[in-house]
Amino acid sequence: MSSVFRSKTARITLSNLSPGPNSQHAQKRLGRGQGSGRGGTSGRGHKGQKARAGNGKPKAGFEGGQTPITKRFPKKGFVNPNRKVYAPVNLDRIQYWIDQGRLQSSPENPITARELLLSGCIHNVHDGIKLLGDNAPCLKTPIHITPSRASQSAIKAVESIGGSVFCQYYNPLALRDCVKSREDRISAAPTRRTDILWYTNWHNRGYLSPEAIAKNPKVEERWKELSKQLLSFKDQTFDTKGIKKM
C-alpha cells in the first residue's frame, strides 16, 4: 500500500496566523502602586543620578563631572571643509588602456570622467579627475582629455605629441551629470576665488581662459561670457582720491 503524507496542521491563512511562542512579552507597567511590585521608585532605586527623570543616560564621554579624556588630550590639525579628493590617472595607464582598445579620443570627443570610469581605468571619480605625468615617455598616442586638474608635466607630455588638455570645473552635481551623460542641465561655474583663478589661467589649461576659449573645439557660448565676467576684475580701477590717509 502506498502511504499518503498528510499534514497534521491546517492550511495557513490570515485567520490562523499568530506570533511565535515567547516572541512577545507583556509591557512592564511602572508606578502603579505598591501592590504591583513596581510602584514608588519604579525600579530605579533611591535617589542618585540614574533615578532622575530625563538624565538616566548621560551623553557619551561624560565622566561624572571630572574633565573628560577628550579635553585632557591636546589637539593637533584640523579638518578642511573645502578639501577635495581627486582620482589620479597617470599617462602610462591611459596608454595601456588605449593599446587594449578600451579608450579612444578626438578633439570633438575628449576623454572625460565618464569614459575613464566606464572603461575601468579608474574605480571612483571622487571629486574629479587629476591627470598626472608619471612615466610620461610611455605615452605614444595623441590624446584629448578634459580632467578637473592636470600637472604641468602631464600637460607638457600630452601637448608635445599633438594632444590637448583642457581642465574643466565640476561641482558634485555637474560631475554626476558628466558620469551619467546628462546634458539637460547647465553645469555650474566656479564661485570660490581659488577655483576662479585656477580655471581662468591658461598656464593651468583652464577652460575659461581666453586662450582655451579660442582653441577648445567644444567651447560653449556661455563660457565666453563667463570668461569675460570672471576676468573683469583685472581691468577694474578704484578712485583713491577721496580716501583719507590715517
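Keep in mind that what you see is a predicted model, and the values were worked out from it rather than measured.

So, how was this worked out
- The numbers attached to residues start from 1 for each chain and follow its sequence in the written order.
- In keeping with the model being predicted, local features are shown solely for residues with a pLDDT of at least 70 and side-chain atom pairs are shown and tallied solely at 80 or more, while totals for entire chains, interfaces and linings include all residues.
- Processing note: side-chain calculations cover all non-hydrogen atoms of the structure and skip hydrogens and water entirely.
- Numbered from the N terminus, helices here are DSSP runs of H or I no shorter than four residues, and strands are runs of E no shorter than two.
- Just to be clear, the radius of gyration here is over C-alpha atoms, and the globule rule we use is 2.2 Å times residues to the power 0.38.
- In this scheme Phe, Tyr and Trp rings, the latter by its six-membered ring, pair at centre separations within 6.5 Å, and the angle between planes marks the pair as stacked below 30 degrees, edge-to-face above 60, and tilted otherwise.
- Accessible area is worked out with a 1.4 Å probe on protein chains only. A residue is then buried under 20% of its type maximum, exposed over 50%, and partly exposed in between.
- Whether a charge lies above a ring is judged from NZ of Lys or CZ of Arg, which has to be within 6 Å of the ring centre and within 35 degrees of the ring normal.
- As used here, the arc is the angular range of directions from the helix axis to the C-beta atoms.
- Two residues qualify as a contact provided that any one of their heavy atoms is within 4.5 Å of a heavy atom in the partner residue.
- Any carboxyl oxygen of Asp or Glu within 4 Å of a side-chain nitrogen of Lys or Arg constitutes a salt bridge here.
- UniProt positions are given in the numbering used here, feature names are shortened, and annotations may be inferred rather than shown by experiment.
- A pair of strands is considered paired only if DSSP assigns at least 2 bridges between the two.
- Orientation is described by axes fitted as lines to C-alpha atoms, over the contacting stretch for helices, and by angles from 0 to 180 degrees between their N-to-C directions.

**Considering the overall build of the protein chain**
Line of reasoning, step 1. Along its length, the protein chain carries eight helices and five strands.
Line of reasoning, step 2. Helices (α) and strands (β) of the protein chain occur, in sequence order from the N terminus, as α-β-α-α-β-β-β-α-β-α-α-α-α.
Line of reasoning, step 3. Against the globule reference of 18 Å for 246 residues, the protein chain gives a C-alpha radius of gyration of 33 Å, more extended than a compact globule.
Line of reasoning, step 4. Dimensions of the protein chain along its principal axes, counting C-alpha atoms only, are 95 × 90 × 35 Å.

**Focus: the packing of aromatic side chains**
Line of reasoning, step 1. Applying the stated criterion to the full structure yields five aromatic pairs.
Line of reasoning, step 2. Centre to centre, the rings of Y169 and Y199 are 5.7 Å apart; their planes meet at 70 degrees, and the pair counts as edge-to-face. With Y169 in the loop between β5 (164–165) and α5 (172–180) and Y199 in helix α6 (residues 193–199), this pair connects stretches of sequence that are 30 residues apart. This pair shows no difference in class: Y169 is buried, exactly as Y199 is.
Line of reasoning, step 3. Feature note: the residues Y169, Y199, Y207 and W223 constitute an aromatic cluster, connected by ring pairs.
Line of reasoning, step 4. One cation-aromatic arrangement involves R205 over W202; the distance from NZ or CZ to the ring centre is 4.3 Å.

**So, helix α8 (residues 221–230)**
Line of reasoning, step 1. Restricting attention to buried positions, one finds in α8 the residues W223, L226, S227 and L230. Buried positions in α8, seen along its axis, are confined to an arc of 100 degrees and lie on one side of it. Residues of α8 that are exposed and point over 90 degrees away from its buried face: E221 and K228.
Line of reasoning, step 2. Packed against the buried residues of α8 are α6 and α7 (210–215).

**Remarks on the pattern of salt bridges**
Line of reasoning, step 1. All chains considered together, the criterion is met by six salt bridges.
Line of reasoning, step 2. Note that R149 is salt-bridged to D195, the shortest N-O span being 3.6 Å. Taken together, the residues R149 in strand β4 (residues 149–150) and D195 in helix α6 connect sequence positions 46 residues apart.
Line of reasoning, step 3. The class of D195 is buried, set by a relative accessible area of 4%.
Line of reasoning, step 4. Between R205 and E159 there is a salt bridge, with the nearest N and O atoms lying 2.7 Å from each other. Of the two residues, R205 sits in the loop between α6 and α7 while E159 sits in helix α4 (residues 152–160), which places them 46 residues apart along the sequence.
Line of reasoning, step 5. On the basis of relative accessibility, which here comes to 14%, the residue R205 falls in the buried class.
Line of reasoning, step 6. Among the residues examined, E159 registers a relative accessible area of 31% and is labelled partly exposed.

**Remarks on the UniProt feature "domain: Large ribosomal subunit protein uL15/eL18" (unreviewed entry) in the protein chain**
Line of reasoning, step 1. Mapped onto this structure's residue numbering, the UniProt feature "domain: Large ribosomal subunit protein uL15/eL18" (unreviewed entry) falls at residues 88–165.
Line of reasoning, step 2. Here residues 88–165 is 32% helix and 17% strand, with 15 Å between the C-alpha atoms at its ends.

**Some remarks on unusual backbone geometry**
Line of reasoning, step 1. Despite not being glycine, S42 shows a phi value in the positive range, around 55 degrees.
Line of reasoning, step 2. Following the sequence through the fold, S42 ends up in the segment before α1 (69–72).
Line of reasoning, step 3. The backbone phi angle of N135 is positive, close to 55 degrees, even though this residue is not glycine.
Line of reasoning, step 4. Position of N135 relative to the elements: it lies in the loop between β2 (129–132) and β3 (144–145).

**Topic: the sheet that holds β2**
Backbone-to-backbone hydrogen bonds join strands into a sheet, with any given pair of strands oriented parallel or antiparallel.
Line of reasoning, step 1. What the three strands build is an open sheet, ordered β1-β2-β4; its pairing is parallel. Strands with a single pairing partner mark the edges of an open sheet, and in this sheet they are β1 (87–90) and β4.
Line of reasoning, step 2. Here β1 runs beside β2; their pairing, made up of four bridges, is parallel. Note that in β2 the partner of A87 across the bridge is I129.
Line of reasoning, step 3. The sheet strands contacting helix α2 (residues 91–99) are β1 and β2, and the helix crosses β1 at an angle near 70 degrees.

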